[in-house]
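# A look at the structure
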Amino acid sequence: MEKVNSFINSVPQRFEREKSTILSIAAATALLYTAYKIVNKSSKKTLGLKEIPSPGFSFPYVGHMFSLGSSPGKRIAQWHKEVGHIFKLDMGIQTWILIDDPLLAHKVFVTHGVGSSDRPHSTFVYEYYSCKGKGVGFCPATKQWKVARGAVQNIIAPKVVDAHYLEPIKTEAIALAERFIKYSRLESGVDPTKHLHLNSMNLIFKVGFGKVFSSVEDPDFISISAMIKKTASLAGMTHDLSNFLPIFTVVDYCTGARATMKNFIEKERDPIYKRLIKEALESDGANFVKALQEFDFDEENQLVLMSDLVNGGSDTVSVTLGWIFAIMCYYPLAQKKAADEIDAFVYQYKRHPEFADRDELPYCVSMLKECMRFRPTTSFAIPHSARDDFVVDGYLIPKGATLVTSMESMHQNPEVYAEPLRFYPERFLNNLKTMDAAAKGKSEGRDHFNFGWGRRMCPGIYMAEVELFTTFIHVILRCTIEPVRDIDGKEYVPNIENAVLSGLTSLPAPHKLNFIERIQSLGK
Ligand code: HEM
């Protein structure tokens, strides 16, 4: 209860008077709930089924909620080591089931896909963000979602990306390499984060709305980035505590949390997207908004869909690239091998490699896959939720359970990857299919699992891989990535051990890199 109390202590001073009442109700609810759980536990045991183990200690009422620590991915990997490939956590009134075995995950998310493809309920995300179930990313798997998903798959299908979006992706990759070099010179090393953020925002806004931002100082870039950041913050667990611990409904009431969410959506998010959609329809060239006109979506659905595409397709790409460049600095020999392969291509064909040339660049392709395996983009993907009870490998998955992929642990599972702690790009030289093809093939043939599972699998995989490949190639064509050095020549290699959880993504700890223009730069 200590952490619950400290959270309650953080509510604004003007609610000082209510605190003792809140705490009394919390204590009473906790006792009643604990008693209910004890009685209910014995009645839920089902004959002949295995009990899903639970690690560590589950506190009354809050369960494991405050045991995840500041690096939940690592704690969860540790728990998998202790109790096995599947375990459950009591997260207040919710049951979370965590899985780090790809075959078991395949059974849960694909074989039982009909019953395991909803999203867990969150007040902000369901009621306000997705206007009660619209859009594609964060709503339950209803008929409405199926239609929206079909449309999204259609507008970012590989053939559409190839026909319309390769050029903008390349233009942004070249601009990013230029900025990296310029700011490395100006600032003796650069924090890549804000440049990667501008790059991924320009990519998704160009293909989505036909719009680009001139720089990180562009006022539109600043206000839209702030809106996206606030969306992610409101979607986080700290703003959804009442769905874990119902007592927080009282806190939400006192702090006006629902009114804040409603105001944000109606007064900040919606006007921005309405303006962007209008401008996109008037702009030149192909974009997602225009492509969506072929489908019969109302204005609200269109807006939520575009918001989903922006949220799904921006941070994920910049975080993945952030890891790739940090890893390249950390492993200079791997970087050199990739650069040599790219140079050999340019000498042979007298042009820069395109995504269609990927078969000629097997080391680069394998290396991008290995970077995503070695340091996954998210710790938990986007959780699913069980619509009904179902049984997998003798375990009862209860209706309403939140189903979570333990990304870090799964990608370091020694039964799936030999020497999983070693950064070894060559491991994928025998699996050079596109990530999209590997993800949609047999479970055993998958390279990595960063794009999720089954019916909810990321529909942007092909576009994401084109972005990662093109950006990587154009940065390596222009520069070598080196550690920052102080005046005494001491090197500061990025810390690639600890991921920092930020919303859904897991980013490298803050660091600087030096992007040094190559003497014989092949990128111009
Ligand atoms: C490296 C880049 C990316 C990563 C690692 C990534 C990862 C994911 C993951 C883990 C999911 C959830 C899958 C599940 O529930 O099983 C997802 C869903 C989604 N992604 Fe991506 N993604 C990336 C790029 C993109 C891009 C570029 C777009 C679009 C332009 C996109 C659009 C979406 C959408 C709309 C969904 C929701 C699908 C649904 O719920 O039906 N993603 N992504």
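Residues numbered from 1 in each chain as written. Predicted model: local features only at pLDDT ≥ 70, side-chain atom pairs only at ≥ 80, totals over all residues. Heavy atoms only, no water.

Named according to an unreviewed UniProt entry, the protein chain is Cytochrome P450 originating from Mucor saturninus. Under the UniProt heading Cofactor (unreviewed entry), the note attached to the protein chain is "heme". (UniProt positions renumbered as here; feature names shortened; annotations may be inferred.)

### Some words on the overall build of the protein chain
Along its length, the protein chain carries 19 helices and 11 strands. Against the 2.2 N^0.38 benchmark of 24 Å for 524 residues, the protein chain shows a C-alpha radius of gyration of 24 Å, consistent with a compact globule. Each principal axis of the C-alpha atoms in the protein chain carries an extent, and together these give about 75 × 55 × 50 Å. Within the protein chain, residue pairs in contact and separated by at least 24 positions form 72% of the contacts whose partners lie at least 6 positions apart. With an accessible surface of roughly 23,500 Å², the protein chain has 58% of that area assigned to carbon and sulfur atoms. Side-chain charges of the protein chain comprise 62 positive and 60 negative groups, with the mean position of each set lying 3 Å from the other. (Helix = DSSP H or I, 4+ residues; strand = E, 2+ residues; numbered from the N terminus. Rg over C-alpha atoms; globule rule 2.2 N^0.38 Å. Contact = heavy atoms within 4.5 Å. Areas by Shrake-Rupley, 256 points an atom, 1.4 Å probe, with all protein chains shown as cover. Lys, Arg positive; Asp, Glu negative; His and termini not counted. Charge placed at Lys NZ, Arg CZ, Asp CG, Glu CD.)

### Here we look at the site of the ligand
If you check the shell around the ligand, you find 26 residues, and the closest are Arg119, Arg149, His384, Arg456 and Cys458. Measuring from a nitrogen atom of the ligand, one finds a backbone N or O atom of Gly312 at 3.2 Å. In this structure, Arg456 approaches the ligand through a side-chain N or O atom, which is 2.9 Å from an oxygen atom. When residues of the shell around the ligand are traced back to their parent elements, those giving at least two are α6 (143-155), α13 (299-313) and α14 (315-330). Here the shell around the ligand takes three residues from α13, the largest share from any one element. The class makeup of the residues in the shell around the ligand is 13 nonpolar, 10 polar and three charged. (Near = heavy atom within 4 Å. Polar contact = N/O pair within 3.5 Å; in protein donor to acceptor, adjacent residues only side chain to side chain. Nonpolar A, V, L, I, M, F, W, Y, C, P; charged D, E, K, R; others polar.)

### Some details on the pairing of strand β2 (residues 94-99)
Along β2, six of the six residues are buried, which leaves the element largely enclosed by surrounding structure. Across six bridges, strand β1 (residues 86-91) lies against β2 in antiparallel orientation. Within β2, the position partnered with Ile86 by the bridge is Ile99. The antiparallel pairing of β1 with β2 creates a hairpin that spans two residues between the two strands, and Gly92 there sits at a positive phi of about 60 degrees. Note that β2 and strand β6 (residues 402-405) share four bridges and pair parallel. Residue pairing in the sheet places Trp96 in a bridge with Thr402 of β6. (Buried < 20%, exposed > 50% of the residue type's maximum accessible area, 1.4 Å probe, protein only. Pairing = 2+ DSSP bridges.)

### Regarding the pattern of salt bridges
The tally for this structure, following the rule as stated, stands at 30 salt bridges. A salt bridge links Asp393 to Lys107; the shortest N-O distance between them is 2.8 Å. Highlighted residues: Asp393 in the loop between β4 (390-392) and β5 (395-397) and Lys107 in helix α4 (residues 102-111), separated in sequence by 286 residues. Since its relative accessible area comes to 39%, Asp393 is described here as partly exposed. A relative accessible area of 34% places Lys107 in the partly exposed class. Here Asp436 ties to Lys440 by a salt bridge, and the two come within 2.8 Å at their closest N and O atoms. (Salt bridge = Lys/Arg side-chain N within 4 Å of Asp/Glu carboxyl O.)

### Some details on the side chain of Asn413
With respect to the secondary-structure elements, Asn413 resides in the loop between α17 (407-410) and α18 (435-440). For Asn413, a relative accessible area of 2% translates into the label buried.

### Focus on the packing of aromatic side chains
Each aromatic ring pair is characterised by the separation of its centres together with the angle its planes make. Following the criterion strictly, the structure yields 25 aromatic pairs and no others. Ring geometry for Tyr331 and Phe423: centres 4.8 Å apart, planes at 15 degrees, overall stacked. Placement of Tyr331 in the loop between α14 and α15 (332-349) and of Phe423 in the loop between α17 and α18 is noted, with a sequence separation of 92 residues between them. What makes Tyr331 partly exposed here is its relative accessible area of 26%. Using a relative accessible area of 9% as the deciding quantity, one classes Phe423 as buried. A network of ring pairs unites the aromatic residues Phe205, Phe209, Phe213, Phe221 and Tyr273 as a single cluster. The ring of Tyr395 has Lys50 sitting right over it, with the charged end atom 4.4 Å from the ring centre. Across from the ring centre of Tyr129, 5.0 Å away, lies the NZ or CZ of Arg269, which sits over that ring. (Phe/Tyr/Trp six-rings, centres within 6.5 Å; stacked < 30°, edge-to-face > 60°. Lys NZ or Arg CZ within 6 Å of the ring centre and 35° of its normal.)

### Some words on the sheet that holds β6
The strand order across the open sheet built from four strands is β1-β2-β6-β3, with neighbouring strands paired in mixed fashion. Of all the strands in the sheet, the pair left with one neighbour each is β1 and β3 (384-385). Both β3 and β6 contribute to a ladder of two bridges, which runs antiparallel. Looking at the pairing, Ser385 lines up with Thr402 of β6. Strands in contact with helix α3 (residues 72-83) are β1 and β2; relative to β1, the strand with the most contacts, it is inclined by about 125 degrees. (Axes fitted to C-alpha atoms, helices over the stretch in contact; angles between N-to-C directions.)

### Some details on unusual backbone geometry
If you check the backbone angles, Tyr61 has positive phi at about 65 degrees while not being a glycine. Topologically, Tyr61 is positioned in the loop between α2 (19-44) and α3. Relative accessible area serves as the criterion here: at 4%, Tyr61 is assigned to the buried category. Even without a glycine there, the phi angle at Glu419 is positive, about 40 degrees. Relative to the helices and strands, Glu419 is located in the loop between α17 and α18. A residue is classified by how much of its surface remains accessible, and Glu419, at 51% relative accessible area, is exposed.

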